[in-house]
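# Chains, contacts and geometry: an overview
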Amino acid sequence: MTNLNLTKPQINYLLYILENKGPKTITGCANYFICSKTNAKKILDKMMTVGLLYKNGQDYQLTKIAYKIALDYHQRKENLELFLQETFCLNEEEIKELVSILLTSKGEIFFNQINKKVKILREIHTKKLDKKDWTNYDFKKYFLPGLYPITCCLYKKSKEDFSRLKPCILRENFEAQAYLEVNEDISIQLKATRMTKNQEGYQKKSVVSKISYFGENGKEEINSKNGLFTLHLPQDLSWYNLGQGLLQTGIYLTIESYLGLGLQVERVVCILTLNLFNI
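Okay, so let's go over this structure. The numbering scheme is per chain: residues are counted from 1 as the chain's sequence reads. Since the coordinates come from a predicted model, pLDDT governs what is reported: local features require at least 70, and pairs of side-chain atoms require 80 or more to be given and counted, while whole-chain, interface and lining totals use all residues. The basis for every side-chain value is the complete set of heavy atoms in the structure, and neither hydrogens nor water enter the calculation.

### Let's talk about the overall build of the protein
Numbering goes from the N terminus for both helices and strands, where a helix is a DSSP run of H or I of at least four residues and a strand is a run of E of at least two. Check the secondary structure of the protein and you find 6 helices and 13 strands. Considering the protein as a whole, with its 279 residues, one finds that 38% of them fall into the buried category. Nonlocal contacts in the protein, meaning residues at least 24 apart in sequence, comprise 60% of its contacts between residues at least 6 apart. Carbon and sulfur atoms form 50% of the exposed surface of the protein, whose accessible area is close to 16400 Å². Residue exposure (1.4 Å probe, protein chains only): buried if accessible area is under 20% of the type maximum, exposed if over 50%, otherwise partly exposed. What makes two residues a contact is simply this: any of their non-hydrogen atoms within 4.5 Å. Only the protein chains shown count as cover for residues, and all accessible areas are computed by the Shrake-Rupley method using a 1.4 Å probe.

What follows is the structure, encoded as structure tokens:
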């Protein structure tokens, strides 16, 4: 519906007439857009000529087709505003200026991606994540089945709060890029790598062999499948909203690894960070 060759002024006038409850007269448009009455009348009359507007007394009204077009642009405008607000540190005027420029874009792929991301944001905001609470929700309601990138970092286990955690050496045994898998259940895929470490003057291979944790059915032990570990997340796992589309959670893991022939066991906290704008 928005693939017509409308000019930027025409789009702005459509939105003005749709969104403003007061009179939509030549004077009202001229005052709102800070232009002369002559220019406002010229734009309005042109929109009447192409079938977008009709006059009801002194008021300009949207035709049925123009109303549908204006609704589409209104939705795009709201989606862009939310996306820019959540993604960038911009003030209200900067967002308004960018939205005005982007609305005239012909890139349907761009708008489809924006709509997809904003839909998830709106769904999540209904659970009041914008208040930065710990919240539990079902990813299956928001994401299609598939793999989504998520950042993983391991820290030494502590009984204190997460803000005092220190990175542990085992983080070098895993790729920082992990994946959130959405399917019949929700799981995390961690990819282990072989590391070479110096111990008493000898170069020894460090290999992760097993990960155990408490999941939905109590303690679970996961063995490596070609270096890949799939951890099924409990349904009651809560996530914290960091703002700007970032969600974060943590789970305790017990990791068994071999350094040479020696078995090492370490308990760690796995911090997972999901960027909603990278999906």
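What follows picks up the thread again.
### Here we look at the pattern of salt bridges
Note on definitions: salt bridges are taken to be side-chain nitrogens of Lys or Arg within 4 Å of carboxyl oxygens of Asp or Glu. For the structure on display, the rule yields 3 salt bridges. Where Lys-210 meets Glu-221, a salt bridge forms, and the shortest distance between an N and an O atom there is 3.7 Å. Separated by 11 residues along the polypeptide, Lys-210 in strand 8 (residues 202–215) and Glu-221 in strand 9 (residues 218–223) bring together distant segments of the chain. Judged by its relative accessible area of 22%, Lys-210 falls in the partly exposed class.

### Concerning the environment of Lys-106
Relative to the helices and strands, Lys-106 resides in the loop between helix 5 (92–102) and helix 6 (108–125). Sequence separation between Lys-106 and Leu-4 is 102 residues; the distance between their C-alpha atoms is 9.4 Å. Contact partners of Lys-106, with chain neighbours within four places excluded, come to Leu-4, Asn-5 and Leu-6.

### Notes on the side chain of Thr-273
Secondary-structure assignment places Thr-273 in strand 13 (residues 262–275). The exposure class assigned to Thr-273 is buried, which follows from its relative accessible area of 18%. A polar contact of 2.8 Å, which involves the side chain of Thr-273, links it to the side chain of Gln-248. Setting aside residues no more than four positions away along its own chain, Thr-273 makes contact with Ile-150, Thr-151, Leu-246, Leu-247 and Gln-248. By the criterion applied in these results, polar contacts are pairs of N or O atoms within 3.5 Å in which, for protein atoms, one can donate a hydrogen and the other can accept it, and in which residues neighboring in sequence qualify only through two side-chain atoms.

### A few points about the packing of aromatic side chains
Ring pairs are drawn from Phe, Tyr and Trp, using the six-membered ring of Trp, whenever the two centres fall within 6.5 Å, and their geometry is named by plane angle: stacked under 30 degrees, edge-to-face over 60, tilted for the rest. Counted by the stated rule, this structure contains 6 aromatic pairs. Between Tyr-32 and Phe-33, the aromatic rings sit 4.9 Å apart at their centres with planes inclined by 85°, giving edge-to-face as the arrangement. According to the relative accessible area criterion, Tyr-32 is partly exposed, its value standing at 44%. Taking the relative accessible area as the measure of exposure, Phe-33 reaches 24% and is therefore partly exposed. For a lysine, the NZ atom is tested; for an arginine, the CZ atom; a charge sits over a ring if that atom is within 6 Å of the ring centre and within 35 degrees of the ring normal. The lysine or arginine in question, Arg-76, covers the ring of Phe-111, its NZ or CZ lying 3.9 Å from the ring centre.

### Remarks on the packing of helix 1 (residues 8–19) against helix 2 (residues 26–33)
Axis separation between helix 1 and helix 2 bottoms out at 12 Å; the angle between their running directions is 115°. Classified by the angle between their axes, helix 1 and helix 2 sit roughly perpendicular to one another. Judged by the twist between their axes, the crossing of helix 1 over helix 2 is right-handed. Side by side, helix 1 and helix 2 meet where Asn-12, Tyr-13 and Tyr-16 of the first sit next to Gly-28, Cys-29, Tyr-32 and Phe-33 of the second. In terms of residue class, the contact of helix 1 with helix 2 is made up of 5 nonpolar, 2 polar and no charged. Between the N-to-C directions of two axes lies an angle of 0 to 180 degrees, each axis being a line fitted to C-alpha atoms and, for a helix, fitted only over the stretch in contact. Relative orientations are named as follows: roughly parallel for angles under 35 degrees, roughly antiparallel for angles over 145 degrees, roughly perpendicular for angles from 65 to 115 degrees, and oblique for any other angle. By the definition used in this description, the sense in which the near helix is turned from the far one sets the handedness, with an anticlockwise turn below a right angle giving left-handed and a clockwise turn giving right-handed. Under the grouping applied here, Gly and all other residues not named as nonpolar or charged are polar, the nonpolar ones being Ala, Val, Leu, Ile, Met, Phe, Trp, Tyr, Cys and Pro and the charged ones Asp, Glu, Lys and Arg.

### Details of a negative patch on the surface
Distance thresholds for patches are 9 Å for like charges and 5 Å for nonpolar side chains (Val, Leu, Ile, Met, Phe, Trp, Tyr), applied to residues having over 30% relative accessible area and no salt bridge. In this charge count, Lys and Arg are treated as positive and Asp and Glu as negative; neither His nor the chain ends contribute. All charge positions are set by atom: Lys at NZ, Arg at CZ, Asp at CG, Glu at CD. A grouping of Glu-92, Glu-93, Glu-94 and Glu-97 is seen on the molecular surface, where their side chains present a negatively charged patch. Residue placement: Glu-92 occurs in helix 5.

### Some words on helix 3 (residues 37–49)
Because the α-helix completes a turn every 3.6 residues, residues three or four places apart line up on one side. Its 13 residues give helix 3 an end-to-end C-alpha distance of 18 Å, which sits within 8% of 18 Å, the value for a rise of 1.5 Å per residue. Listed as buried for helix 3 are Ala-40, Leu-44 and Met-47. One side of helix 3 carries all its buried residues, which in axial view fall inside an arc of 60°. In helix 3, the exposed residues that point more than 90 degrees away from the buried face are Thr-38, Lys-42 and Thr-49. Buried residues along helix 3 sit in contact with helix 1, helix 2, strand 1 (53–56) and strand 2 (59–62). The span expected for a helix works out to 1.5 Å for each residue beyond the first. Directions are taken from the helix axis to each C-beta atom, and the arc is the one they span.

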